[in-house]
Every structure is written in C-alpha cells, then in structure tokens.
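A structural walkthrough
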Amino acid sequence: MEVADRNNREGIMGWLNPGRYGWERVSYWLQRLTGVGLLAYFVGHIYETSSLTQGPDAWAAMLELTQTPMGHLILLLVIGMSTYHSANGIRLIFTHGGKGLGKPGRPDYPYDAVSLNYRQKSGIWIALILAAAAMLYGASVLLGGE
Amino acid sequence: MAMLRESQIMKIHYITAIAALFVVAVHILMRLIMPYSLSLEYGNVIANYHNIPYVVLLESILVLIAIHGFNGLRVILLELRQSKAWEDGVIILTIAAMMAVIAYGTRTIIVASGLGFE
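Residues numbered from 1 in each chain as written. Chains lettered and ligands numbered in written order. Predicted model: local features only at pLDDT ≥ 70, side-chain atom pairs only at ≥ 80, totals over all residues.

**Considering the overall build of chain B**
Looking only at helices and strands, one finds five helices and zero strands in chain B. In chain B, the succession of helices and strands from N to C terminus is α-α-α-α-α. Rg of the C-alpha trace for chain B: 17 Å, well past the compact-globule value of 13 Å for 118 residues, more than 25% over. With the principal axes as the frame, chain B shows a C-alpha extent of 50 × 30 × 20 Å. (Helix = DSSP H or I, 4+ residues; strand = E, 2+ residues; numbered from the N terminus. Rg over C-alpha atoms; globule rule 2.2 N^0.38 Å.)

**Topic: the overall build of chain A**
Within chain A, the regular secondary structure consists of five helices and zero strands. Along chain A, helices and strands appear, N-terminal first, in the series α-α-α-α-α. Long-range contacts, defined here as pairs at least 24 residues apart, represent 70% of the contacts in chain A between residues at least 6 apart. (Contact = placed C-beta atoms within 7 Å.)

**Quick word on the environment of A:Ala139**
All names here are of chain A. Positionally, Ala139 belongs in helix α5 (residues 118-142). Take Ala139: there are 15 C-beta atoms within 10 Å of it, and that puts it in the partly exposed class. For Ala139 and Leu75, which are 64 residues apart along the polypeptide, the C-alpha to C-alpha distance reads 9.2 Å. (Buried ≥ 20, exposed ≤ 12 C-beta atoms within 10 Å, placed from the backbone.)

**Things to note about the nonpolar core**
Residues and elements named next belong to chain B. Ranked by size, the top nonpolar core spans 29 residues in total, and within it Ile65 and Ala66 carry the most contacts. The dominant element in this core, judged by the number of residues it contributes, is helix α4 (residues 52-80), at seven residues. In contact with Ala66, not counting residues within four places along its chain, are Met98, Val101 and Ile102. (Core = buried A, V, L, I, M, F, W, Y, C linked by C-beta atoms within 7 Å.)

**Topic: the interface of chain B and chain A**
At the interface, 23 residues of chain B touch 24 residues of chain A. If you list the elements that add at least two residues to the side of chain B that touches chain A, you get α1 (6-32), α3 (42-49), α4 and α5 (84-112) of chain B. Per element, the largest residue contribution to the side of chain B that touches chain A is seven residues, and it comes from α4(B). Here the residues of the side of chain B that touches chain A sort into 17 nonpolar, four polar and two charged. (Nonpolar A, V, L, I, M, F, W, Y, C, P; charged D, E, K, R; others polar.)

**Let's talk about the packing of helix α2 (residues 23-49) of chain A against helix α4 (residues 69-96) of chain A**
Residues and elements named next belong to chain A. Between α2 and α4, the shortest axis-to-axis distance is 9 Å and the interhelical angle comes to 130°. What the angle tells us is that α2 and α4 run oblique. Where α2 crosses over α4, the handedness of that crossing is left-handed. Contacts between α2 and α4 involve Ser27, Leu30, Gln31, Thr34, Gly35, Gly37, Leu38 and Tyr41 from the former and Val78, Met81, Ser82, Tyr84, His85 and Asn88 from the latter. Here the residues of the contact of α2 with α4 sort into six nonpolar, eight polar and no charged. (Axes fitted to C-alpha atoms, helices over the stretch in contact; angles between N-to-C directions. Parallel < 35°, antiparallel > 145°, perpendicular 65-115°, else oblique. Left-handed = near helix turned anticlockwise from the far one by under 90°.)

**Some thoughts on the environment of B:Thr106**
All names here are of chain B. Within the fold, Thr106 resides in helix α5. Here Thr106 falls in the partly exposed class, since 16 other C-beta atoms lie within 10 Å of it. Sequence separation between Thr106 and Leu62 is 44 residues; the distance between their C-alpha atoms is 7.9 Å. Excluding residues within four positions of it along the chain, Thr106 makes contact with Glu59 and Leu62.

**Quick word on the confidence of the model for chain A**
In this model, chain A carries a mean pLDDT of 85, and residues with pLDDT of at least 70 account for 86%. Mean pLDDT values for the elements of chain A range from 69 in helix α1 (residues 12-15) of chain A up to 94 in α4(A). (pLDDT = per-residue confidence, 0-100.)

**Side note on the packing of α4(B) against α5(B)**
All names here are of chain B. Where α4 meets α5, the closest approach of the two axes is 9 Å, and the angle between their N-to-C directions is 165°. Taken together, the axes of α4 and α5 lie roughly antiparallel to each other. The crossing of α4 and α5 is right-handed. Here Val55, Leu58, Glu59, Leu62, Val63, Ala66, Ile67, Phe70, Leu73, Arg74, Leu77 and Leu78 of α4 lie close against α5, whose contacting residues are Glu87, Val90, Ile91, Thr94, Ala97, Met98, Val101, Ile102, Gly105, Thr106 and Ile109. Classifying every residue of the contact of α4 with α5 gives 17 nonpolar, three polar and three charged.

Structure below.
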C-alpha cells in the first residue's frame, strides 16, 4: 500500500472505538466523556448560581427548573461522572508517573500489553464501583425526601 | 504558540485535579450539613456567600476547575486533529472560554457576597 493511500486520520471515530484495545480503551473513552460532561455541568452550574444576584424570586424560578425529577437524574449522573473521573484520574496520575505498570517483558504471543496488568484493570473496576456507590448515596439524599 | 512545555501543562492539570478534589468535597459537604432542600433556600445560600472563607473556597473551585476543565478540553481537541492552525485556534478558544467562565463566576461571587457592585 502506498503511504499516501493510508487513511490514519480516523478523527472522532477512532476516539470512539472502545473495542480495539480492551479495558484501558474503555477507561480512556469514559475519562474523556465524563470530562466533557462535567465541564458542561460546570458551565451550567455557574450560570444557574448567577441567578442568585437577581434576588430570591429569580433563585426560586431557577430552582423550579433544576429541582425536578429530571434535574435530580442529571445531578445523579454528574455524581457518577465526577466520582469515576476522579478515581480513574488518580489511577492515571500514578500510571503516568510509572507506578503500577509492571516490568517490561519479552513480547510473547498473544502479545498482551504488560502494562495492562491486574493493577490497572482493578483500578478501572474500583473507579466504576465507586461511581455506582456514590450514585446510590446521591439517590438516597436527592430522592430520599430529606 | 505554546508558552509552556506540554509536560509542565500536564503537571498543572494534575495539581488542579488533586486540589479540586479537596475543595469540591468541602463544597458538597456544605450541602449535606443540613437537609439538602433546606440548604438550597435563598437565605441559606446567601449566608454561605457572606462567609469569607467559603467565598475563598468557591473562588478557588472556580479557578481550579476552569483551568483543569478547559485544559482537558484542549487535550481532547488536539487528539482529534493536528495542524498549526487547529492547535493555535484550540488554545485561543479554550483560554478565552476559561477566562470568560472565571470572570462570570467571580462576578456572581462578588455580587452575592455583597463585597462589590450590583
């Protein structure tokens, strides 16, 4: 194949392909999706709280929009996203510092990456479990009628 | 265009992440020290904004998450496509958006805390 014929610019489709590299790819994908979701929430939250400056009526009107079952579901999603993003982010900080990667080894068939070991996989699972637990606790607070 | 090395930017990314974890945890705890719906009442929220240490905490959350979030967006956009024009455009856009969000959030904090202009 001619080098010029290769199309390596997969763009967002390459970014969205979670199947090619296993769990670490899923984690990579989730870290970016949750990051973008949290940034959108952050901007929305700043806009939401700015209604405070217009007095109690504007604040009450904003709460009527956000403190609804749909608003609480979005908040639960934000709790899950932020917990996953934080826990997985801590794993990534250690990984980028070279911790938990294991020792380099000879590439043997089926050529599994040595770096993608049980420590990394369990880190991803711990992040997912913590996110689920945080969402359950958030649901008890938001939907518990307190 | 880049004034800092990417390794320095990533250190800032990680430091803002760890710092944000602590300040956001305190921010969430402030919603849980009383029943959640009560904590959102106008009087209670304004009382939070009149507490100077809490105002400092809110401002630090605003700055830390804006830096971390918009740098994260920059990284994602640079992973999608690479060219000089794209890179410069993404850097300008994310820095401008970050500054706009910090300015708008700071205005809310100043007005709600009664420290400045209306």
